[in-house]
Amino acid sequence: MSESGYQSDTLQDFTPEPAEARRVVVLISGSGSNLQALIDAQQHDELGGEIVAVISNQPDAYGLRRARDAGIDAVALPHREYESREAFDGALIKVIERHEPDLVVLAGFMRILTPRFVQRFLGRMLNIHPSLLPAYQGLHTHARALADGVASHGCSVHFVTEELDGGPVALQAEVAIAPDDTEDSLKAKVQAREHLIFPIAVRWFLEGRLKLAGDAATMDGTPLPPSGMRLSHADAAEELDEDAEE
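What you are looking at is a predicted structure, and each value in this text was computed from that prediction instead of being measured.

Student: Got a minute to help me understand the sheet that holds strand β5 (residues 125–129) in this structure?
Tutor: Two orientations exist for strands paired in a sheet by backbone hydrogen bonds: parallel and antiparallel. One open sheet holds the eight strands; their spatial order is β3-β2-β1-β4-β5-β6-β7-β11, and the pairing between them is mixed. On the outer flanks of this sheet lie β3 (73–76) and β11 (229–231), each paired with one strand and no other. When strand polarity is set aside, the average angle formed by the axes of neighbouring strands in this sheet is 20°. The pairing of β5 with strand β6 (residues 152–159) spans four bridges and is antiparallel. From the neighbouring strand, isoleucine 128 faces β6, where its bridge partner is valine 157.

If you want it as structure tokens, here you go:
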């Protein structure tokens, strides 16, 4: 305002609108422990966006209760009610797009996706997988790692492509396999790392730092190696307050 008392009609009492939060839709099939990690990160303002809907192909999935308890729209879309995988994916696309997501997150979604679905959300869909990809794609990863006698195992966050568990990896976390590890104990260690790195990768994407560029994941414009960024066993154990001397 000038000395003459003139008040600008464009700036006086102007309050800029807050930037709209980036929107996330999460797909689940079961208990939703990784969903809970994302909800917890959101509640601590560490997710970089807002989970606007959780969708499950299993109507009795416990993860739907987690969503409702957090005040998030919980949607059951039973796949058995559709005559084909294509019909189900078509319905799922419609439900997802109703929520206008910036990112679709697969958090234990136990469905093989059709090419149509993948292409619709290509470049804005992340999955968490319980192995150090490309090792142990598919199911029963912990049992297979123990049977092979490998020294390390872990989890990976990757972009979803038409190749099952084959999209570019963004972030991994290692766990050293102890001599007395069982399938259950190894699963628990890997899940702790999933809960650690999944919210981080989601935040990086929502902040515009993590992107899919062609057939590679990039971070701040730099292509990542095939294993993405990897958190060592010692570093992950420190973050999780575990004993790293295994």
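Having seen the model, we can carry on.
Student: How should I be thinking about the pattern of salt bridges in this particular structure?
Tutor: Proximity of charged atoms lets side chains of opposite charge pair with each other. Here the structure, examined in full by the defined rule, presents seven salt bridges. Ionic pairing is found between arginine 120 and glutamate 97, a salt bridge with its closest N-O pair at 3.0 Å. In this pair, arginine 120 sits in helix α4 (residues 115–121) while glutamate 97 sits in helix α3 (residues 85–98), placing the two residues 23 residues apart along the sequence. Residue classification places arginine 120 among the partly exposed positions, given a relative accessible area of 36%. Looking at glutamate 97, the relative accessible area reads 34%, which means it is partly exposed. Taking the shortest distance from any N to any O, the salt bridge between glutamate 174 and arginine 230 comes out at 3.1 Å. In this pair, glutamate 174 is assigned in strand β7 (residues 169–176) and arginine 230 in strand β11, connecting sequence segments 56 residues apart. For glutamate 174, a relative accessible area of 18% puts it in the buried group. Looking at arginine 230, the relative accessible area reads 40%, which means it is partly exposed.

Student: How do you make sense of a negative patch on the surface when you look at a structure like this?
Tutor: Taken together, the side chains of Asp235, Glu238, Glu239 and Asp241 present a region of like negative charge at the surface. Mapped onto the secondary structure, glutamate 238 falls in helix α7 (residues 233–239). A residue is classified by how much of its surface remains accessible, and glutamate 238, at 59% relative accessible area, is exposed.

Student: Just to check I follow, could you spell out the sheet that holds strand β10 (residues 222–223) for this structure?
Tutor: The sheet built from three strands is open, its strands ordered β8-β9-β10 with antiparallel pairing. Two strands bound the open sheet, and with one partner strand each, they are β8 (210–213) and β10. Note that β8 and strand β9 (residues 216–219) share four bridges and pair antiparallel. Bridging across to β9, alanine 213 finds its partner in alanine 216.

Calculation notes
- Residues numbered from 1 in each chain as written.
- Predicted model: local features only at pLDDT ≥ 70, side-chain atom pairs only at ≥ 80, totals over all residues.
- Heavy atoms only, no water.
- Pairing = 2+ DSSP bridges.
- Helix = DSSP H or I, 4+ residues; strand = E, 2+ residues; numbered from the N terminus.
- Axes fitted to C-alpha atoms, helices over the stretch in contact; angles between N-to-C directions.
- Salt bridge = Lys/Arg side-chain N within 4 Å of Asp/Glu carboxyl O.
- Buried < 20%, exposed > 50% of the residue type's maximum accessible area, 1.4 Å probe, protein only.
- Patch = residues over 30% accessible without salt bridge, like charges linked within 9 Å, V, L, I, M, F, W, Y side chains within 5 Å.
- Areas by Shrake-Rupley, 256 points an atom, 1.4 Å probe, with all protein chains shown as cover.
- Lys, Arg positive; Asp, Glu negative; His and termini not counted.
- Charge placed at Lys NZ, Arg CZ, Asp CG, Glu CD.

By themselves, these figures tell us nothing about what the structure is for.
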